[in-house]
Amino acid sequence: MKFYHASDVANLKELTPQQSNYIQNPTLFFSSKIENVLIYLANPVKRFYEEKYGKSNQIFQKFATYGFNKDKLLFIDEYYPNALKENFENISGYIYEIEAEPNSLFENKIPFVYSTNQPQKVIKSTYIPNALNLILDFEKKGLIKINRYETLSEKKMQIIKQQVENCFEKIINNYLENSYLTILLDVK
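Note that this is a predicted model, so its numbers are computed, not measured. (Residues numbered from 1 in each chain as written. Predicted model: local features only at pLDDT ≥ 70, side-chain atom pairs only at ≥ 80, totals over all residues. Heavy atoms only, no water.)

(A) A look at the overall build of the protein chain. Secondary structure assignment for the protein chain yields four helices and eleven strands. Split into buried and exposed, the 188 residues of the protein chain put 38% on the buried side. In the protein chain, once contacts between residues fewer than 6 apart in sequence are set aside, the share between residues at least 24 apart is 74%. Total accessible area on the protein chain stands at roughly 12,100 Å², and carbon and sulfur atoms take up 52% of it. (Helix = DSSP H or I, 4+ residues; strand = E, 2+ residues; numbered from the N terminus. Buried < 20%, exposed > 50% of the residue type's maximum accessible area, 1.4 Å probe, protein only. Contact = heavy atoms within 4.5 Å. Areas by Shrake-Rupley, 256 points an atom, 1.4 Å probe, with all protein chains shown as cover.)

(B) Inspection of the environment of Leu 105 at higher detail. Within the fold, Leu 105 resides in the loop between β6 (93–99) and β7 (106–107). For the pair formed by Leu 105 and Thr 116, sequence separation is eleven residues and the distance between their alpha carbons is 5.4 Å. The contact partners of Leu 105, leaving out residues within four places of it in the chain, are Phe 3, Ala 100, Tyr 114, Ser 115, Thr 116 and Gln 120.

(C) Expanded view of the environment of Leu 38. Its location among the elements puts Leu 38 in the loop between β3 (28–31) and α1 (44–53). The class of Leu 38 is buried, set by a relative accessible area of 1%. Through-space distance from the C-alpha of Leu 38 to that of Tyr 94 is 9.5 Å; in sequence the pair is 56 residues apart. When residues no more than four places from it in sequence are discounted, the contact partners of Leu 38 are Phe 88, Ile 95, Leu 134, Ile 135 and Phe 138.

(D) View of unusual backbone geometry. Of note, the phi angle at Lys 72 is positive, near 65°, even though the residue is not glycine. One non-glycine residue, Phe 112, adopts positive backbone phi at about 70°. As for its position among the elements, Phe 112 is in the loop between β7 and β8 (113–116).

(E) The nonpolar core, seen in detail. Counting residues in hydrophobic clusters, the biggest one holds 22 residues, and the most contacted among them are Leu 38, Leu 84, Phe 88, Ile 95 and Ile 135. Secondary structure elements with two or more residues in this core: β1 (2–7), β5 (74–77), α2 (83–88), α3 (131–140) and β11 (144–147). Residue contributions to this core peak at five residues, all from α3. Residues Phe 30, Tyr 96, Ala 100 and Val 122 belong to the second largest nonpolar core, which totals eleven residues. (Core = buried A, V, L, I, M, F, W, Y, C linked by side-chain atoms within 4.5 Å.)

(F) Expanded view of the pattern of salt bridges. Under the criterion given, the structure shown has seven salt bridges. Across the pair Lys 141 and Asp 137 runs a salt bridge, and its minimum N-O distance is 3.2 Å. Relative accessible area serves as the criterion here: at 56%, Lys 141 is assigned to the exposed category. (Salt bridge = Lys/Arg side-chain N within 4 Å of Asp/Glu carboxyl O.)

(G) Looking closely at the confidence of the model for the protein chain. Looking at the protein chain as a whole, the pLDDT averages 84, with 84% of positions reaching at least 70. The secondary-structure element of the protein chain with the lowest mean pLDDT is helix α4 (residues 154–187), recorded at 65, while strand β10 (residues 124–128) shows the highest, at 97. A low-confidence stretch, residues 179–188 (pLDDT under 50), is modelled with zero contacts involving residues beyond four sequence positions or located in other chains. (pLDDT = per-residue confidence, 0-100.)

(H) Just the sheet that holds β11, in detail. Across the sheet, which stays open at both edges, the three strands sit in the order β4-β5-β11 with mixed pairing between neighbours. A single partner strand is all that each edge strand has here, and the edge strands are β4 (66–68) and β11. In this sheet, adjacent strand axes meet at a mean angle of 25° when their direction is disregarded. Of the pairings in the sheet, the one linking β4 to β5 comprises three bridges and is antiparallel in character. When the sheet's bridge partners are listed, Tyr 66 is paired in β5 with Ile 76. α3 rests against β5 and β11 of the sheet, and its axis sits at about 110° to β11. (Pairing = 2+ DSSP bridges. Axes fitted to C-alpha atoms, helices over the stretch in contact; angles between N-to-C directions.)

(I) Expanded view of the packing of aromatic side chains. Evaluation of the coordinates by the stated rule reveals six aromatic pairs. Ring geometry for Tyr 66 against Phe 68: centres 6.4 Å apart, planes inclined by 85°, an arrangement best described as edge-to-face. Look at Tyr 66 and you get partly exposed, because its relative accessible area is 24%. A network of ring pairs unites the aromatic residues Tyr 40, Tyr 66 and Phe 68 as a single cluster. Over the aromatic face of Phe 112 sits the side chain of Lys 33, whose NZ or CZ is 4.4 Å from the ring centroid. (Phe/Tyr/Trp six-rings, centres within 6.5 Å; stacked < 30°, edge-to-face > 60°. Lys NZ or Arg CZ within 6 Å of the ring centre and 35° of its normal.)

Okay, here's the thing in C-alpha cells:
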C-alpha cells in the first residue's frame, strides 16, 4: 500500500523518525491519502521567524489548524484573514511516497494516518513548486475543504485560538526544557 509524507527537504532517499513537541519518541508519520499531507508543506512559524529575523538553522515545529469532518474529509481552517495564501503561496516542497504493509505501521486516531519508529525507503518523490495551487486544485476536486476566515463562527474562532495557544505553549516549554538542559550540560 502507498503512503505519503511531505517535507521541504529535497532528495531524501530514506525518511527517518523525528522528535516532536507532541510525542515522546522519534516518530515518522504518513497518510494513505496524498491530499492529507499538503498542510505539512508549509511552516508558518518558521516563515514568520525568518521574515522577521532572517534565515535560521533551528528546527521549527509545524503548525496548521485542520481536522476532519464526519465523512473523514480533511478541512483546513484559515485562522486569520488570508492565512491560506500567506502560508502556502510560493511555498515549495516534496511529497515522498513509501510502500508498506499497513499492519507494519501503527494506525493513529487521525483518519488515514499511520506512524512508525523505523526508517522508511522512499520509492517516489514529487516536487511541488507552489503548495497553494495544489491545495486549491484539491479543493476544486472535492478532496479537501477550506473554511475561509470570513465564514468561521465565533465558537470555531475560540477553538482555533485555543489550538494556537496550546501549540505555542508546547513550543515554548520544549525550548525552555532544552535550553535548561543545554545550560546544565555546559556547566558540567
